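Structural overview for review
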Amino acid sequence: MKKNILYLHGRPDAHKLHKNLAGSVANHSEYVDFKYRWQDMNHGIFINLFAWIYNSLFYKKFKDYDVILVDGLHFSPVIAKKLGLLKRGVVLVSHMGNQLPYFIFTNKLGYFSKKAHLWLLKNYDYLLCEGLLMQELICAISPSVQPRLKVVYTGPSQDRLNELRKIKVNLNSNNIITIAGGPGSNRMYYKGLDIMIQGFVKARMNLPDLNYYILGDWDTDDQNYLLNGIGADDKNHIHFVGNQSNMESYLNWLSKCSLSIHISRGDAFPGSTIEAMNVGMPILISEYTGTKEIIKNVQDDLIIRLSSDELAQKISWYFNLPLTDKLIISEKLIFCSQNWTEEKAILLYKLTFDEIL
């Protein structure tokens, strides 16, 4: 018997890769706060609490659904289930692909927020962990939910891969790139931009010709915060080039650079790192970035701690490698990243839902 599956997501919209995965199993999608918008409105905790409860009261319109797939951890679906407004036996599934588990793991959340989110984790029937890192973090913060965890993945579409493979990275250049979307202080923190900029500045002490290009939507306040205290000469070598929605422009930046860095704090399975690997760009990644599981098959010492000093040392190490060594890393990355595609991710997603149902 075919099950009715609803996909609920946040504002301003679902992540494109998440939406494609959800679309492979769900009949319909809706904003999680469809009745009273709160998620992207920067309200205080009391208005948010009201919004969670108020929205949940209107979830009775979803009473015909057998499964509700939620992008992230949201309160309203759980509250609606507790109030008996959903179908008896409805299965709540959360797709966990954001920084929240890392923030809980490192006590970045306040006491009550942490307790509330741990309660939420225990009240979803299944948690889809985007990569092994997400599974490890959730097991660490809430061991009792382990039997309800399923590992899934994301990956670039075949059309996007076809475009990416048209370019060749310039392994002789002195350019470093990071692809990470903003804006906002939380995203700056979890993407690790502070560590990467500090590491770059330290690396320039030995390699003054380096340039650093940051792709993504970072506003003036973000940039001023990140560059505060950095000397004028170093600032001249750090370039915020904005969001690259045009594929040709995006590929142009990739082709100019010889090293990607992504030293994030809990980035589940960032697609930008997989895309960099697919064009053969050597990449330095943090131990708290989910795509380290691909890098492990290439070269362990490309994975580093959350340390600007260690990053600076690794940048210097990389740029002092002979071209032949860089080429070996590049070719290994192309080979190892080929299995991480949207097509395979969707197949696994469907199989995972078959298991759940």
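Quick summary incoming for the structure in this document. Because the structure is a prediction, the values reported are computed rather than measured.

Concerning the nonpolar core
Ile176, Tyr212, Ile238, Leu254 and Ile315 are the most contacted members of the largest nonpolar core, which has 64 residues in total. The greatest single-element share of this core, amounting to 7 residues, is contributed by helix H9 (residues 193-203). In this structure, leucine 254 is in contact with Leu164, Ile167, Val169, Ile177, Ile179 and Met281, ignoring residues within four places of it in sequence. Counting residues in each nonpolar core, the second largest holds 36 residues, with Ala51, Tyr65, Ala80 and Tyr124 among its members.

Overview of the pattern of salt bridges
If you walk through the whole model with that rule in mind, you get 15 salt bridges. Salt-bridge contacts for arginine 160 lead to glutamate 275; the nearest nitrogen and oxygen are separated by 2.4 Å. Here arginine 160, found in helix H7 (residues 158-164), pairs with glutamate 275, found in helix H13 (residues 271-278); they are 115 residues apart in sequence, far enough to count as distant. Taking the relative accessible area as the measure of exposure, arginine 160 reaches 31% and is therefore partly exposed. For the salt bridge of aspartate 309 with lysine 202, the shortest nitrogen-to-oxygen distance reads 2.8 Å. With aspartate 309 in helix H15 (residues 308-319) and lysine 202 in helix H9, the pair connects residues that are 107 residues apart, well separated along the chain. In this structure aspartate 309 comes out as partly exposed when scored by relative accessible area, which is 44%. When salt bridges with common partners are traced through the structure, they connect Arg204, Asp233 and Asp234 into a single cluster.

Some remarks on the layout of surface pockets
Looking at the second largest pocket, its volume works out to about 210 Å³. Going through the elements one at a time, helix H8 (185-191), H9 and helix H10 (220-227) are the ones with two or more residues in the lining of the second largest pocket. The biggest single contributor to the lining of the second largest pocket is H8, with 4 residues. When grouped by side-chain class, the residues that make up the lining of the second largest pocket number 6 nonpolar, 4 polar and 2 charged.

Quick word on the pairing of strand E3 (residues 67-71)
For E3, the buried fraction is high: 5 of the 5 residues fall into the buried class. Here E3 shows two buried faces, one formed by Val67, Leu69 and Asp71 and the other by Ile68 and Val70. Here 4 bridges tie strand E1 (residues 5-9) to E3, and the two strands are oriented parallel to one another. Within E3, the position partnered with leucine 8 by the bridge is valine 70.

Considering helix H17 (residues 342-356)
Helix length check: H17, at 15 residues, gives a terminal C-alpha distance of 21 Å against a target of 21 Å (1.5 Å per residue), a fit within 8%. Glu342, Ala345, Ile346, Tyr349, Thr352, Phe353 and Ile356 are the residues of H17 that are buried. Buried positions in H17, seen along its axis, are confined to an arc of 120° and lie on one side of it. Among the exposed residues of H17, those pointing more than 90 degrees away from its buried face are Glu343, Leu347, Asp354 and Glu355. On its buried side, H17 packs onto E1, helix H1 (16-23), E3, strand E4 (91-96), strand E5 (126-130) and strand E6 (149-152).

Topic: the packing of helix H2 (residues 45-57) against helix H3 (residues 75-82)
The N-to-C vectors of H2 and H3 enclose an angle of 50°; their axes lie 8 Å apart at closest approach. Relative to H3, H2 is oriented oblique. The hand of the H2/H3 crossing is right-handed. Residue-level inspection shows Ala51, Trp52, Ile53, Asn55 and Ser56 of H2 in contact with H3, the latter providing Phe75, Ser76, Ile79 and Ala80. Taken together, the residues of the contact of H2 with H3 sort by class into 6 nonpolar, 3 polar and no charged.

Let's talk about the packing of aromatic side chains
Aromatic ring pairs are described here by two measures, namely the spacing of the ring centres and the angle between the planes. Taken as a whole and judged by the stated rule, the model has 21 aromatic pairs. Ring plane angle 90° and centroid distance 5.5 Å describe the contact between tyrosine 36 and phenylalanine 50, whose orientation is recorded as edge-to-face. Of this pair, tyrosine 36 sits in the loop between strand E2 (28-31) and H2 while phenylalanine 50 is found in helix H2, placing the two residues 14 residues apart along the sequence. Relative accessible area serves as the criterion here: at 27%, tyrosine 36 is assigned to the partly exposed category. An aromatic cluster is built from Phe34, Tyr59, Phe62 and Tyr65, whose rings are joined through pairwise contacts.

Rules used throughout
Residues numbered from 1 in each chain as written. Predicted model: local features only at pLDDT ≥ 70, side-chain atom pairs only at ≥ 80, totals over all residues. Heavy atoms only, no water. Core = buried A, V, L, I, M, F, W, Y, C linked by side-chain atoms within 4.5 Å. Buried < 20%, exposed > 50% of the residue type's maximum accessible area, 1.4 Å probe, protein only. Helix = DSSP H or I, 4+ residues; strand = E, 2+ residues; numbered from the N terminus. Contact = heavy atoms within 4.5 Å. Salt bridge = Lys/Arg side-chain N within 4 Å of Asp/Glu carboxyl O. 1 Å grid on protein atoms, 1.4 Å probe; cavity = no way out; pocket = protein on both sides within 12 Å on 5 of 7 lines; lining within 4 Å. Points joined across faces, edges and corners; volume = space filled by probe spheres on them. Nonpolar A, V, L, I, M, F, W, Y, C, P; charged D, E, K, R; others polar. Pairing = 2+ DSSP bridges. Expected span 1.5 Å × (residues − 1). Arc of directions from axis to C-beta. Axes fitted to C-alpha atoms, helices over the stretch in contact; angles between N-to-C directions. Parallel < 35°, antiparallel > 145°, perpendicular 65-115°, else oblique. Left-handed = near helix turned anticlockwise from the far one by under 90°. Phe/Tyr/Trp six-rings, centres within 6.5 Å; stacked < 30°, edge-to-face > 60°.

This is a description of form; function is not addressed.
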